[in-house]
Amino acid sequence: MTRAVPEPRKTLDPDRVAEWLARHPDFFVGREGLLQQLKVPHPEAHGTTSLLERLVHDLRRRAEQAEWRLEQLLESARHNEVQYRRTRELVLALLEAEDADALGQALATQIAERFQIPAVALWCPAQLTNHEPLPPQPPRHVLDEHAGVRLAALLDGRTSRCTRLTPTDWGRLLPHAKPPRQAGSCALTRLTLGEPMGYLVLASPDPDHFRASMDTLFTEYLGDVLARLLLRHAPSVHDSPPAHG
């Protein structure tokens, strides 16, 4: 009387089989015919497919993912190159400014044309402007107590920040620019060069143009450049015109 042979599925532990195959990756060498008989779950439909078809599908998907990642890297590189060229032209224009008012005008023009940021304000303490023959022209403004308190509150202890800007704050901090009917957004940075030198405000009527999650590296870099140029253009008391008796 012959004894019935139990089915392998009932006698073999799948986990132990998988563990054994992992320790013997050369098991299918010389047994290639088994590969054509194996069935695995289909990745996109019910049922099964051959192991070879599944491997081809997985390789194709990996190739597509690699191609997508490469395209993302290329797109990032193209974006960074454009930003570099825009920043370079901006800085060169600022360096060519002959005085502080020309610096402010160059800043406003370059920011609007190259970065599509329609409103800019430079708030400078009185010691940087009180010896100029004429009052500062927009986008430059003399930093008073009210503007200083509000700008410090918006920065909330940080060096730079992106945040929403209410129409009231817009009218107070960018008095030369028409405020939006609803809240806009802005990027703020504190100007420092050994001592406080004011604030830079970049503003947009679009409330999502400057988001709180955005990096502020560009704004901080621009603030560092402007602080040095403002100090260079600031007249000293010895440069002020003599008083007439």
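Further up the page is the structure itself.
All of these numbers come straight from a predicted model, not from anything done at the bench.

Conventions used here
Residues numbered from 1 in each chain as written. Predicted model: local features only at pLDDT ≥ 70, side-chain atom pairs only at ≥ 80, totals over all residues. Heavy atoms only, no water. 1 Å grid on protein atoms, 1.4 Å probe; cavity = no way out; pocket = protein on both sides within 12 Å on 5 of 7 lines; lining within 4 Å. Points joined across faces, edges and corners; volume = space filled by probe spheres on them. Nonpolar A, V, L, I, M, F, W, Y, C, P; charged D, E, K, R; others polar. Helix = DSSP H or I, 4+ residues; strand = E, 2+ residues; numbered from the N terminus. Buried < 20%, exposed > 50% of the residue type's maximum accessible area, 1.4 Å probe, protein only. Pairing = 2+ DSSP bridges. Patch = residues over 30% accessible without salt bridge, like charges linked within 9 Å, V, L, I, M, F, W, Y side chains within 5 Å. Areas by Shrake-Rupley, 256 points an atom, 1.4 Å probe, with all protein chains shown as cover. Salt bridge = Lys/Arg side-chain N within 4 Å of Asp/Glu carboxyl O. Axes fitted to C-alpha atoms, helices over the stretch in contact; angles between N-to-C directions.

Caption draft 1: Quick peek at empty space enclosed by the protein. A full pass over the atoms with the stated rule returns one cavity of 30 Å³ or more. Taken as a whole, the largest cavity spans an internal volume of roughly 30 Å³. In this structure, the largest cavity is lined by Ala-100, Cys-124, Leu-128, Thr-129, Glu-132, Arg-140, Leu-230, His-233 and Ala-234. Split by residue class, the lining of the largest cavity holds five nonpolar, two polar and two charged.

Caption draft 2: Examining unusual backbone geometry more closely. With an omega of 15°, the peptide bond between Pro-138 and Pro-139 qualifies as cis. Looking at the element boundaries, Pro-139 is found in the loop between strand S3 (119-124) and strand S4 (140-142). Positive phi, normally seen in glycine, also occurs at Gln-116, with a value near 55°.

Caption draft 3: Seen up close, the layout of surface pockets. The volume enclosed by the largest pocket comes to roughly 460 Å³. Lining the largest pocket are 20 residues, and of these Gln-83, Phe-115, Met-214, Asp-215 and Phe-218 sit closest to its centre. The element contributing the most residues to the lining of the largest pocket is helix H4 (residues 51-96), with six residues. In terms of residue class, the lining of the largest pocket is made up of 10 nonpolar, eight polar and two charged.

Caption draft 4: Representation of the pairing of strand S7 (residues 196-204) in the model. The buried fraction of S7 is high, at eight of nine residues. By the bridge criterion, five bridges tie S3 to S7 in an arrangement that is antiparallel. Within the sheet, the bridge partner assigned to Ala-119 lies in S7 and is Ala-203. Of the strand pairs in this sheet, strand S6 (residues 184-192) and S7 are connected by eight bridges, and their pairing is antiparallel. The residue bridging Cys-186 from the neighbouring strand is Ala-203, located in S7.

Caption draft 5: Quick look at a nonpolar patch on the surface. Residues Leu-12, Val-17, Trp-20 and Leu-21 make up a contiguous nonpolar surface patch of about 320 Å² in total accessible area. With respect to the helices and strands, the residue Val-17 is situated in helix H2 (residues 14-23). A relative accessible area of 35% places Val-17 in the partly exposed class.

Caption draft 6: Molecular detail of the sheet that holds S6. Taking strand neighbours across the sheet as the criterion, the five strands line up as S4-S3-S7-S6-S5 in an open arrangement whose pairing is mixed. Among the strands making up the open sheet, the edge pair consists of S4 and strand S5 (160-165). Strand-to-strand, the axes of this sheet are offset by a mean angle of 25°, without reference to chain direction. Here S5 pairs with S6 via six bridges, running antiparallel. Counted as the bridge partner of Arg-164 is Ser-185 from S6.

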